[in-house]
Structure formats: C-alpha cells, structure tokens
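Remarks on the overall topology
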Amino acid sequence: MTVPVPPSRPPAGPGPSAFVAADLGATSGRVVVGRAGRDTLELAELHRFANRPVRLPTGLHWDLPALHQGVLDGLRAAGRAGYDVTSVGVDTWAVDYGLLDADGALLGLPYHYRDSRTSQVAQEVRERLGAARLYGVSGLQHLPFNTVFQLAAARGTAQLAAARTLLLIPDLLVHWLSGSAGAETTNASTTGLLDARTGTWSYELAAGIGLDTALLPPLREPGESAGTLLPHVADGTGLPAGTPVTTVASHDTASAVVAVPATASGAAYISCGTWSLAGLELDAPVLTEESRTANFTNERGIDGTVRYLRNIMGMWPLEECRRVWAARGQPAELAPLLAAAARAEPFAALIDPDAPDFLAPADMPAAIAGFCRRTGQRPPRDQGAVVRCVLESLALAHRQVLRRAAELAGRDITRVHLVGGGSRNELLCQLTADATGLPVTAGPTEATALGNILVQARAHGRTGDLADMRRLVAATQQLRHYRPAGAASAWQAAEARLRT
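Below: a short report on this structure. (Residues numbered from 1 in each chain as written. Predicted model: local features only at pLDDT ≥ 70, side-chain atom pairs only at ≥ 80, totals over all residues. Heavy atoms only, no water.)

**Side note on the overall build of the chain**
Threshold: A run of H or I in DSSP becomes a helix once it reaches four residues, and a run of E becomes a strand once it reaches two; helices and strands are each numbered from the N terminus. Our radius of gyration looks at C-alpha atoms and nothing else; its globule reference is 2.2 Å times the residue count to the power 0.38. The criterion used for residue contact is that any of the two residues' heavy atoms lie within 4.5 Å. Method for areas: the Shrake-Rupley scheme with a 1.4 Å probe, in which residue coverage is limited to the protein chains shown. Note on charges: Lys and Arg go in the positive column, Asp and Glu in the negative column, and His and the chain ends are not counted at all. Think of each charge as sitting on NZ of Lys, CZ of Arg, CG of Asp or CD of Glu.
Secondary structure summary: the chain contains 19 helices and 19 strands in total. Scaling as 2.2 N^0.38, a compact globule of 500 residues should have a C-alpha radius of gyration of about 23 Å, and the chain matches this with 22 Å. Dimensions of the chain, computed from the C-alpha atoms along their principal axes, are close to 60 × 55 × 50 Å. A fraction of 74% describes how many contacts in the chain between residues 6 or more apart in sequence connect residues 24 or more apart. With the model as given, the accessible surface of the chain reaches about 19,200 Å², and the carbon-plus-sulfur share is 51%. Within the chain, the 47 negative side-chain charges are centred at a point lying 5 Å from the centre of the 45 positive side-chain charges.

**A short note on the nonpolar core**
Under the convention used in this document: As used here, the term nonpolar core means buried Ala, Val, Leu, Ile, Met, Phe, Trp, Tyr and Cys residues forming a set that is joined through side-chain atoms within 4.5 Å. Each residue is assigned to one of three classes by its accessible area relative to the maximum for its type, calculated with a 1.4 Å probe on protein chains only: buried under 20%, partly exposed between the two thresholds, exposed over 50%.
Among the nonpolar cores identified, the biggest contains 137 residues, and Y83, L177, I368 and L391 are the most heavily contacted of them. Examining the composition of this core, we find that 14 residues originate from one element, helix α15 (residues 383-409), more than from any other. Look past the residues within four positions of L177 in its chain and what remains in contact with it is H68, V71, L72, L75, V88, V90, T228, L229, L230 and V233. Core analysis: the next-biggest nonpolar cluster, separate from the first, contains 29 residues, L166, L168, I209 and L215 among them.

**Brief notes about the pattern of salt bridges**
Operational definition: Salt bridges are counted wherever a side-chain nitrogen of Lys or Arg sits within 4 Å of a carboxyl oxygen of Asp or Glu.
Taken as a whole, this structure holds 19 salt bridges when the rule is applied. Between R117 and D115 there is a salt bridge, and its shortest N-O distance comes to 3.6 Å. By relative accessible area, which is 9% here, D115 ends up buried. Several salt bridges share partner residues, and in doing so they unite D23, R30 and E446 into one network.

**Some details on the sheet that holds strand β18 (residues 440-442)**
The strands that make up a sheet pair up through hydrogen bonds in the backbone, lying either parallel or antiparallel. Here is the rule we go by: If DSSP finds at least two bridges between two strands, the strands pair. Throughout, an axis means a line fitted to C-alpha atoms (over the contacting stretch in the case of helices), and angles, computed between N-to-C directions, take values from 0 to 180 degrees.
Spatially, β15-β16-β14-β13-β17-β18-β19 is the arrangement adopted by the 7 strands of the open sheet, whose pairing is mixed. Of all the strands in the sheet, the pair left with one neighbour each is β15 (297-300) and β19 (480-482). Taking the axes of each pair of neighbouring strands and ignoring which way they run, one obtains an average angle of 30 degrees across the sheet.

**Quick notes on unusual backbone geometry**
Residue G443 is joined to P444 through a cis peptide bond whose omega torsion reads 5 degrees. Relative to the helices and strands, P444 is located in the loop between β18 and α17 (447-459). At N295, a position not held by glycine, the phi torsion is positive, near 65 degrees. Looking at the element boundaries, N295 is found in the loop between α11 (289-293) and β15.

**A look at the side chain of E392**
Condition: Two N or O atoms form a polar contact when they lie within 3.5 Å of each other; inside protein one atom must be a possible hydrogen donor and the other a possible acceptor, and for residues adjacent in sequence the pair counts only when both atoms belong to side chains.
Its place among the elements puts E392 in helix α15. In terms of polar contacts, E392 uses its side chain to reach the side chain of R388, at 2.8 Å. Those residues in contact with E392, other than ones at most four positions away along the chain, are P346, F347, L350, L431 and W491.

**Let's talk about the packing of α17 against helix α18 (residues 466-476)**
Under the convention used in this document: We call two directions roughly parallel when the angle between them is under 35 degrees, roughly antiparallel when it is over 145, roughly perpendicular when it lies between 65 and 115, and oblique otherwise. For any pair of crossing helices, the crossing counts as left-handed if the nearer helix is rotated counterclockwise from the farther one by less than a right angle, and right-handed if it is rotated clockwise.
Contact pair α17 / α18: the axes reach a minimum separation of 11 Å and the direction vectors enclose 130 degrees. With respect to α18, the axis of α17 lies oblique. When the axes of α17 and α18 are compared, the crossing they make is right-handed. Here α17 contributes L454, V455 and R458 to the contact with α18, which in turn contributes L466, M469, L472 and V473.

**Overview of α17**
We count it as follows: One less than the residue count of a helix, multiplied by 1.5 Å, gives the span that helix is expected to have.
Helix length check: α17, at 13 residues, gives a terminal C-alpha distance of 18 Å against a target of 18 Å (1.5 Å per residue), a fit within 8%. Of all 13 residues that make up α17, 11 are buried, and the element is covered over most of its length.

The structure is reproduced here in structure tokens:
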C-alpha cells in the first residue's frame with residue numbers, strides 16, 4: 001500500500017534504503033521518496049506540481065524550466081526531511097526532446113507532442129521512406145507525433161542547424177541534475193529511430209530524414225549510472241554531494257510495466273492514465289506486415305523485453321470533459337459523475353477514442369457529440385451519459401487491442417493487470433473486465449513511481465530480478481480484483497456497431 005510518510009519528518013530508524021523518483025506526466029509532475037527492501041515497498045509523496053504547456057508564436061511547448069524547478073523543489077523536500085537518499089531517478093512521457101548547442105545550452109523550449117506542425121509531415125515521411133520500411137526497422141506504431149516526424153518537421157530550421165545534442169525529456173532533466181548526457185533505451189525506442197531488433201540507433205532511418213546522426217547521444221540501459229548530482233544541485237537541495245543519479249526505465253509506461261504485479265504467465269497489462277497503453281510483454285519484437293497494419297508498437301522494456309502494445313486515448317477525453325464543464329460552472333467532481341454514469345443507459349452512444357476528433361479539441365463534450373452525429377448516433381444527453389459513453393468506449397478499445405495483440409503474438413491471455421491512475425476508476429475496471437471477458441487486477445495506482453524506485457533499488461543491490469520485483473509489488477501493494485459480469489453478446493454487438 002502507499003504509506004503516507006509526512007515529508008516534514010523522516011521515518012525513525014535506519015530502515016530500508018530511500019530512493020527519490022521524479023515522475024512527470026502530461027498534466028502534472030511529482031517527486032516521491034520510496035523505501036525498497038526484501039519485504040518492503042512503500043512510497044511517500046514529497047512534492048507535486050502542475051505541468052502547464054505554453055502556447056508561443058512558434059507553437060505549443062513544454063515549460064521545461066518550470067518542470068526542472070519542480071523536480072528541484074521535490075529534491076529539496078527530501079533534503080529538508082532528512083532522508084538518507086541512496087539515488088535519484090527520472091521518468092516522463094515519451095517522444096518529445098530538447099536540443100542543446102555546442103555549449104550545452106537549451107535551444108528554445110521543447111515542442112509539445114500535441115503541436116500541429118507534424119500533421120502533414122508524418123504522411124510525407126511515410127510516403128518517402130515507405131511505411132513498411134519504417135516499421136520493419138523501428139517496429140513503431142504510427143503516431144503523427146513520433147520523434148522521427150517531429151525531427152523531419154524541424155529540418156531546415158535554425159534551431160536544428162545550431163544543435164549539437166538531442167536529449168529526450170527525461171534524459172534532458174537528468175542532464176540538468178548530473179551533467180551526464182545519454183539516451184535511455186526504453187524511451188529511445190519510442191522515437192522511431194531505434195532498431196527494434198538490435199536495440200541500437202538506426203542511422204539508416206536518421207539519414208532518411210536528413211538528421212545529423214552526431215546529434216544522437218550514447219544509449220544506456222535502465223539501472224546504469226547517470227553520474228552524481230552537480231554541486232549546485234546538491235547545494236540547492238540539501239542532498240549530499242555525490243548522491244548518485246540512476247538511469248531508470250525513463251519512459252513512464254516502461255516504469256509502470258516494471259511494477260505490474262504479474263506472478264503467473266498469461267498476463268496482459270493496461271497502463272491507464274492520459275493514454276491507455278495495452279499489450280503484452282514479449283521476448284522479441286513482432287515485425288510482421290500484419291502487425292504493422294494493425295498499428296502495434298514494439299517498444300523496449302527492462303532487461304531486453306519488448307512492450308508489444310498499442311496506444312489508446314485513455315482518460316484524456318474524460319479529463320477534458322471535466323475541464324470544460326468546470327470552466328462553464330457545471331459539476332465536474334469525478335465521484336458524482338461516475339455514479340451518474342453507472343446509472344446511465346448502457347451502450348447508448350459509442351466513440352472511437354483514437355479518432356482525430358479527440359486528439360486536441362477545444363471542447364471535448366462538443367467533439368463527442370459531433371462524432372456521434374457523424375456516425376448516426378444520438379449524442380449523450382447529460383453528463384452521466386457522456387461519461388458512460390467515454391468509459392464504455394475505452395473498455396471496448398481495451399477489448400479490441402488485447403485480443404488483437406494476443407492473436408498477433410500467438411499468446412493466450414488469462415488475466416488483465418490495469419495499473420496507473422485509471423485503476424482508481426472502479427467503473428472503468430469493471431467495464432474492462434466485462435468487455436474482455438477476463439478477470440482484471442487493478443493496481444497499483446502508483447505503478448510508474450514504483451517501477452522507477454524498483455529499478456533504482458535493484459541497481460543498488462536492494463532487490464532481486466524482475467520476477468522478484470513483481471512479487472514484491474504483489475505482496476505489498478493494495479490491489480482490487482474484478483470478475484466479468486453481464487452478457488458477452490452485448491459487447492460483441494457494441495463492437496460490431498462501432499465498426500459499421
């Protein structure tokens with residue numbers, strides 16, 4: 001379970017080693033401290049801060065200095081609390097990057113993956129290099145904001161011409177903490193520039209988009225040293241000089257998968273937050289033409305594993321509806337909305353969460369209504385119906401993706417593990433069990449931070465192998481279990497209806 005240790009007072013006694021995880025998502029970041037040992041795994045939040053993108057004349061950007069300051073504030077809280085910090089690790093979202101000049105200075109604020117500049121470029125790159133060629137090397141699901149397309153969109157800019165080093169967001173934050181520059185492989189595998197078979201940079205694909213391959217930093221694996229805190233960071237946070245910075249599975253989904261409490265074969269996972277990433281853990285990539293046309297991705301996991309999955313628009317539509325409702329002065333508290341959704345008519349309206357309509361609309365409820373009208377459905381009439389529509393549609397997407405992943409990988413699925421923020425949503429968990437016809441184990445909610453902590457702990461000799469780490473999660477974290485209910489035929493009919 002998550003143990004709330006007050007940040008103003010460190011736990012008594014030496015106890016297991018303390019590790020600090022900076023865990024940044026698309027809407028917020030937090031810094032947590034974790035205790036990890038043979039029979040212990042607990043977290044305490046030190047600091048939470050908003051992640052507010054900024055729209056500039058050049059487009060939508062991340063306010064990376066503000067995020068770095070949030071990380072420093074969290075480290076400072078750890079220092080004030082007196083934790084004996086063994087190591088620090090950073091994980092964030094994928095695909096986005098910063099460019100450094102010859103002096104190591106950041107060249108402008110990194111672009112946000114929802115910026116529209118890649119909308120046309122992605123198709124141009126696919127036509128020029130060939131979609132099959134791109135997939136055959138990188139194994140990556142086609143998403144218009146993949147790093148390879150962002151870099152193609154930047155070709156010819158003064159910024160790219162002046163750049164000497166490219167660092168993905170977690171690697172850039174690590175660089176600002178320790179001065180060490182590298183590319184952690186789980187996140188590098190989301191760029192479209194990593195060879196899925198060899199786990200090395202594909203200079204062929206880099207050359208195909210006209211990228212100077214000298215920009216690509218050395219690759220490093222989760223658990224490797226990323227140096228120690230820079231003197232000014234240690235001085236400013238109160239942590240000891242020489243505090244190690246450890247490379248973790250820096251793509252937040254990769255960290256979350258580390259903490260999936262699967263202790264038997266046949267497990268599938270869904271890491272559900274802003275995005276829902278549903279799939280299987282494999283020993284080798286699936287690079288068939290059938291896999292490409294099904295738009296599955298092969299991203300690297302810990303210990304050379306492959307995260308064979310598809311990105312699904314996760315809780316983003318629901319959170320955007322709540323944001324719009326709150327701005328209009330309408331009720332937006334989650335619990336009453338979920339209660340209303342539970343009472344709403346089942347399958348009254350369905351959407352495709354991955355339709356372009358829902359990537360970045362200004363008015364999500366209006367986008368949902370528009371999709372329903374365009375597909376011959378009656379739009380949801382009230383907030384409860386909207387929430388029911390979103391959650392049933394997401395559960396249906398979970399069903400479709402996991403079934404297809406099992407077919408393409410030649411695997412049988414006997415249980416679904418749903419981790420991340422979505423695991424708190426009991427209605428979504430039950431709907432996912434109903435839709436898939438499989439038992440669902442929900443939790444841990446803090447899977448990403450736990451995975452970050454566990455990789456650090458293993459690197460410093462405090463935990464065993466991946467199976468041991470997962471047994472530790474299963475033994476110490478609060479999990480909930482859902483069994484399928486209702487008629488499977490209703491989900492079959494809903495799936496058929498959405499396809500027509």
